[in-house]
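Architecture at a glance
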Amino acid sequence: MQISNILKPEGVRVFGAASSKKRLFQEIADVAQLAYGLSAQPTVEALLDRESLGPTGVGHGVALPHARLDGLDKVVGVFLVLDTPLEFGAVDRQPIDISFALFAPEDAGVEHLKALALVSRTLREQSFCTKLRANPDPATLYTILTEDQSVQAA
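Here the structure is a predicted model, which means the values were calculated and not measured.

Rules used in this analysis
- Residues numbered from 1 in each chain as written.
- Predicted model: local features only at pLDDT ≥ 70, side-chain atom pairs only at ≥ 80, totals over all residues.
- Heavy atoms only, no water.
- Helix = DSSP H or I, 4+ residues; strand = E, 2+ residues; numbered from the N terminus.
- Rg over C-alpha atoms; globule rule 2.2 N^0.38 Å.
- Expected span 1.5 Å × (residues − 1).
- Buried < 20%, exposed > 50% of the residue type's maximum accessible area, 1.4 Å probe, protein only.
- Arc of directions from axis to C-beta.
- Contact = heavy atoms within 4.5 Å.
- Core = buried A, V, L, I, M, F, W, Y, C linked by side-chain atoms within 4.5 Å.

1. A look at the overall build of the protein
Counting secondary structure elements, the protein contains six helices and six strands. Moving toward the C terminus, one meets the helices and strands of the protein in the order α-β-α-α-β-β-β-β-β-α-α-α. For 154 residues, the compact-globule estimate of 2.2 N^0.38 gives 15 Å, and the C-alpha radius of gyration of the protein, at 14 Å, lies within 12% of that figure. When its C-alpha atoms are laid out on the principal axes, the protein stretches across 35 × 35 × 25 Å.

2. Brief notes about helix 3 (residues 40-51)
Helix length check: helix 3 (12 residues) gives 17 Å between terminal C-alpha atoms against 16 Å at 1.5 Å per residue, within 8%. Every buried residue of helix 3 is listed here: Ala40, Thr43, Val44, Ala46, Leu47 and Glu51. For helix 3, the angular spread of the buried residues around the axis is 160 degrees, confining them to a single face. Where helix 3 is buried, its residues touch helix 2 (21-36), strand 4 (66-69) and strand 6 (96-105).

3. Thoughts on the nonpolar core
Counting residues in each nonpolar core, the largest one holds 55 residues, and the members touching the most others are Phe79, Phe100, Phe103 and Leu123. Ranked by residue count, the leading element in this core is helix 2, at eight residues. Look past the residues within four positions of Phe100 in its chain and what remains in contact with it is Ile3, Ile6, Leu7, Ala63, Leu64, Pro65, Gly77, Val78, Phe79, Val119, Leu123 and Leu145.

4. Looking at the side chain of His112
With respect to the helices, strands and loops of the structure, His112 is situated in helix 4 (residues 110-123). On the accessibility criterion, His112 (5% relative accessible area) is buried. Residue contacts for His112: discarding those within four places in its chain leaves His66, Arg68, Val75 and Ala104.

5. So, helix 6 (residues 138-147)
Think of an α-helix as 3.6 residues a turn; residues three or four steps apart then line up on the same face. Buried residues of helix 6: Leu141, Tyr142, Ile144, Leu145 and Thr146, and no others. Looking at the buried residues of helix 6, the elements they touch are helix 1 (3-6), strand 1 (7-15), strand 5 (76-86), strand 6 and helix 5 (126-133).

Take a look at the structure:
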């Protein structure tokens, strides 16, 4: 699996500031609606439901919100860089400024886990995240995210 399999160029955005986690999820849902045709409100609700189980802020300014949704036939993603970091309740208690949301079909098994592992492994690299943070153009961000196709999910 490669990031280019789950992320469209239209799924990448730079967002100024989110006043709350819910507002961030609304922005993610709006991008998902435009890029993949997902209904915004059920998408926000699914992200909030998943987040209630435990924070998806994995540390070092990165969040990996994810949810299962009806109407999908494959795993898809939305990538956002925030100009202003957001208090997110991450495991390291640091605000986040990078969010890679994943949406999987309700019946997705191993594909959802592979996508999550791939994105997690990719964004664990601090130098890679620094490169992402330094590029405010969505097209450039998409290129950076998809150029290293040698990373494979477990």
